[in-house]
Amino acid sequence: MNISLKASGVFSPKCLIAILVLMLASIIPILQPSQYILHLLILMGIYALYSSSWNLLAYTGQASLGHSAFLGLGGYTSSLLIIKFGVDPWLSLLTGGASAAAVGFLIGLTCVRLREWFLAMVTFGFAVIAETAVMALDWVTQGATGYATNALLDSRVQYYYTILVLASVTIAIIYLVVQSKIGLAFSAIRENQLEAEGMGINTVKYKLLAFVLSSFFTGVAGGFLVHYIGYISNEIFSFHHSFMPLIISVTGGLNTITGPIIGSIIILSIWEALKIINPIQRMIAIGVFLTLVVIFMPRGLHYVALKVLRSLKM
Amino acid sequence: MIDVVTLSLTLMWGVAIGCIYILMATGLNLIFGVMKIVNFAHGQLLMLGAYMCYWSWFILGVNPYFAILLSMIIVSIVGAAVERLCFSPIIGTSKLNEIFVSLGLIYIFDYTAVMLWTDKPRSIVTPFEYSTFSLGVVAISYDWLIAIMVVSMILVGMFLILAKTKIGRAMRATSQNMEAAMMMGINVKKVYTASFSLGSALAAAAGSLFGIIFSLDPYMGSLPAIKAFAIIILGGLGSIRGAVIGGLLYGIAENMATLFLGGIWRHAVAFAVLIIVLTVKPTGLFGEGR
């Protein structure tokens, strides 16, 4: 085995690859891409952030089908704080995340004790309840009509660099969490909850922690998303928004750091490429794609890439 | 003010829609009991069933209640194909994979239906559409009564299949202990396909009745399916009796909530109840811990 693989710290291969990718990503705007490409890249960044947060929860074996609830909560909190109270935009992003995390903590109290199917149901239902609440509070949220949000930045290049930093920092934090003792506990719970409990791991505590962290980052992603799009309505709670991070993470590789990043690049590219067919066929295609990935490539592109890399070394 | 007539009508609506939920919940429970998987795309089979009933009625001109039978046969074949192609390869890998595959199926079914039949709502008109009979001050539609009868007949039929036929016995054996059933020479794969197919047929019947009582569109499946999940969670996973009682109670409760709280709360109340119950008892009201 290659010795350098065992090296740790800044000079480990993983870290070098990450730095290389970041450097490549940061020179993209210098190449003067079109506004459309830049828009796509920003969306990829937002989705990488969103899917990584979703995936953090999946590390503990909890697959949420209602993450759009946290996305929407973050979006509404952050945009309303700016519009109604004139809060500093960057502070509002954090507050949006914090409010999502608070709600995530409350809903997590129920969810952490549930089995996979029940959890999927409850989270899914929670997104429906969140949407209903927003519709019922239409005197402040303007329900289905929605309202325009304030722009955080002036140009797309600025948005691009901001989301690049935001996503990288978040993913780095998630990486550190996953590499730590907490991450080991997460994996133990995912593999076998009973055994994990037997080893003295407080499963409720760790699952709840995953819930809070995941909903916090999702809230931040939601705030950024609505400020970037410049508009928010109840549409943000749609099923599609909940399923997107799932499709991205499964395609890229569940329970990996790189999975959601690869996934969001691939899925959003496919999504854009499919624009040539009509939107309905696009939805069918994404369904077929997800089904095929789960059946034939359940460990995702991350694993396929690793396999290819290994065979190259041989 | 809410008077007796409104209240009794709401109750009747509740029972009628409760019947649909019973069929859904029973089908899901059957599939879960035997295969230990939860098919999140069950509502899409309901939608398909409704369309099959619609087209049998529309093109062949048969009585809608006879069309239910045709729809059940077609959807049970589709269900068998879905089980063979999508669930069979991943069974036993990870519970999350089952959820993911069903999500893929939801996309495929919903949007194929939109593509083929557009998302225009349609309705099935029965010969008894406008005939009612009065019960005291309340006028009750014959359709609701027939729906309740149809559901009872289907449930009795299903019980007979489970109790008397060879495949029914094999299903019960597999649900109790898959390995032991295998050793007794039961072809477990065949049993899986058969139970999925039977569950799909029940969903098709539910969809047809839904189309007859209300209307049908490609997205009609999701909410009844979710409510059926809520019901089996309340009634206990794998308990058919729980599904029947839970379905009726749920249908009534939902319509009462709409009456007293207003339309937008119709669906949210369902989940609120679900979340509260699961907070208090994570395995469901009558479910056993596993």
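Please read all numbers here as calculations on a predicted model, not as lab measurements. Counting from 1, residues in each chain are numbered in the order their sequence is written. Chains carry letters and ligands carry numbers; both start at the beginning, A for chains and 1 for ligands, and go up in the order they are written. Residue-level local features of this predicted model are given only where pLDDT is at least 70; pairs of side-chain atoms are given and counted only at 80 or more, and the full residue set underlies all totals for whole chains, interfaces and linings.

Describe the overall build of chain A, naming the residues involved and giving the relevant values.
Within chain A, the secondary structure is distributed over 14 helices and two strands. The C-alpha radius of gyration of chain A comes to 19 Å, within 12% of the 20 Å expected for a compact globule of 314 residues. With the C-alpha coordinates of chain A rotated into their principal frame, the extents come out at 65 × 55 × 40 Å. Per-residue burial over chain A gives 48% buried out of 314 residues. Sequence-distant contacts in chain A: of pairs separated by 6 or more residues, those separated by 24 or more amount to 79%. Per the convention used, a helix needs a DSSP run of H or I reaching at least four residues, while a strand needs a run of E reaching at least two, with both numbered from the N terminus. Our radius of gyration looks at C-alpha atoms and nothing else; its globule reference is 2.2 Å times the residue count to the power 0.38. For every residue, the other C-beta atoms within 10 Å of its own C-beta are counted; 20 or more classify it as buried, 12 or fewer as exposed, and values in between as partly exposed. C-beta atoms are placed from the backbone. Whether two residues are in contact depends on their C-beta atoms, placed from the backbone: they are in contact if these lie within 7 Å.

Any chance you could break down the overall build of chain B for me, citing the residues and the numbers?
Along the backbone of chain B there are 11 helices and two strands. Along its sequence from the N terminus, chain B presents helices and strands in the succession α-α-α-α-β-β-α-α-α-α-α-α-α. The C-alpha radius of gyration of chain B comes to 19 Å, within 12% of the 19 Å expected for a compact globule of 290 residues. In chain B, which comprises 290 residues, the share counted as buried stands at 51%.

Requested: an account of the nonpolar core, with residues and values cited.
If you look at the biggest cluster of nonpolar residues, it comprises 183 residues, and the most contacted ones within it are Ile46(A), Val122(A), Leu290(A), Leu23(B), Met24(B), Ala205(B) and Ala206(B). What Leu290(A) contacts, discounting residues up to four positions off in sequence, is Ile247(A), Val250(A), Phe100(B), Leu103(B), Gly104(B) and Tyr107(B). Nonpolar core, as used here: buried Ala, Val, Leu, Ile, Met, Phe, Trp, Tyr and Cys residues forming one set through C-beta atoms within 7 Å.

Describe the environment of Ile231(B), listing the residues and the values that go with them.
Residue and element names in this part refer to chain B. Topologically, Ile231 is positioned in helix α9 (residues 222-235). When the 31 C-beta atoms within 10 Å are taken as the criterion, Ile231 is described as buried. Setting aside residues up to four positions removed in sequence, Ile231 forms contacts with Tyr21, Ala25, Ala243, Gly246, Gly247 and Tyr250.

Describe helix α4 (residues 95-117) of chain B, naming the residues involved and giving the relevant values.
Its 23 residues place the ends of α4(B) 33 Å apart at the C-alpha level, agreeing with the 33 Å of an ideal helix rising 1.5 Å per residue. Counting buried residues along α4(B), 17 of its 23 residues qualify, which places the element largely inside the surrounding structure. Helix span, expected: 1.5 Å multiplied by one less than the number of residues in the helix.

Outline the environment of Arg282(A), supporting the account with residue identities and numerical values.
Residue and element names in this part refer to chain A. With respect to the helices and strands, the residue Arg282 is situated in helix α13 (residues 279-296). Separated by 126 residues in the primary sequence, Arg282 and Arg156 place their C-alpha atoms 27 Å from one another. Apart from the residues lying within four places of it in its own chain, the contact partners of Arg282 are Leu274 and Ile277.

Requested: an account of the interface of chain A and chain B, with residues and values cited.
Counting residues at the interface gives 33 residues for chain A and 34 residues for chain B. Contributions of two or more residues to the side of chain A that touches chain B are made by α5 (116-136), α11 (239-252) and α13 of chain A. With 14 residues, α5(A) is the single largest residue contributor to the side of chain A that touches chain B.

Just give me the short version of unusual backbone geometry, but keep the residues and values in it.
Positive phi values are uncommon outside glycine, yet Asn255(A) reaches one of about 60 degrees. With respect to the helices and strands, the residue Asn255(A) is situated in the loop between α11 and α12 (258-273). The phi angle at Thr118(B) is positive, at roughly 55 degrees, despite the residue not being glycine. Along the polypeptide, Thr118(B) turns up in the loop between α4 and β1 (132-135). Given 12 C-beta atoms within a 10 Å radius, Thr118(B) is considered exposed.

Any chance you could break down α13(A) for me, citing the residues and the numbers?
With 18 residues, α13(A) should reach 26 Å at 1.5 Å per residue; the first-to-last C-alpha distance of 25 Å fits that figure. All of the buried residues along α13(A) are Met283(A), Ile284(A), Ile286(A), Gly287(A), Phe289(A), Leu290(A), Thr291(A), Val293(A) and Val294(A).

If you had to explain the confidence of the model for chain B to someone new, which residues and values would you point to?
All names here are of chain B. Confidence of the predictor at the level of single residues is captured by pLDDT, which takes values from 0 to 100. Looking at chain B, pLDDT values average 86 and 96% of them are 70 or higher. Looking at the elements of chain B, mean pLDDT is at its lowest for β1, recorded as 73, and at its highest for helix α3 (residues 64-87), recorded as 94. On the interface metric, ipTM, the complex scores 0.84, and its pTM is 0.86.

Requested: an account of the packing of helix α2 (residues 35-58) of chain A against helix α10 (residues 203-229) of chain A, with residues and values cited.
Residue and element names in this part refer to chain A. Working convention: axes come from line fits to C-alpha atoms, limited for helices to the stretch in contact. Angles between N-to-C directions cover 0 to 180 degrees. The contact between α2 and α10 brings their axes to 7 Å, and the two run at 165 degrees. As judged from the angle between their axes, α2 and α10 are roughly antiparallel. As α2 runs across α10, the sense of the crossing is left-handed. Residues Ile42, Ile46, Leu49, Tyr50, Ser53, Trp54, Leu56 and Leu57 of α2 form the contact with α10, whose own contacting residues are Ala210, Phe211, Leu213, Ser214, Phe217, Thr218, Ala221, Phe224, Leu225 and Tyr228. Side-chain classes are defined by residue name, with Ala, Val, Leu, Ile, Met, Phe, Trp, Tyr, Cys and Pro counting as nonpolar, Asp, Glu, Lys and Arg as charged, and the others, Gly among them, as polar. For the contact of α2 with α10, the per-class residue count stands at 15 nonpolar, three polar and no charged. In what follows, roughly perpendicular refers to angles from 65 to 115 degrees, roughly parallel to angles under 35, roughly antiparallel to angles over 145, and oblique to any angle outside these ranges. Definitions for this section: a left-handed crossing has its near helix turned counterclockwise from the far helix by less than a right angle. A right-handed crossing has that turn clockwise.

Break down the confidence of the model for chain A for me, with residues and values.
Mean pLDDT over chain A stands at 88; residues scoring 70 or higher make up 96%. Segment residues 1-7 of chain A: pLDDT under 50, and three contacts once partners within four positions in sequence are set aside and those in other chains are kept.

Just give me the short version of the packing of helix α4 (residues 89-111) of chain A against α5(A), but keep the residues and values in it.
All names here are of chain A. Running from N to C, α4 and α5 point in directions that differ by 150 degrees, and their axes come no closer than 10 Å. Judged by the angle between their axes, α4 and α5 are roughly antiparallel. Helix-helix and strand crossings are classified by hand; for α4 and α5 the assignment is right-handed. When α4 is examined against α5, the residues Ile107, Thr110 and Cys111 are found in contact with a partner set consisting of Leu119, Val122, Thr123 and Phe126. For the contact of α4 with α5, the class distribution of residues is five nonpolar, two polar and no charged.

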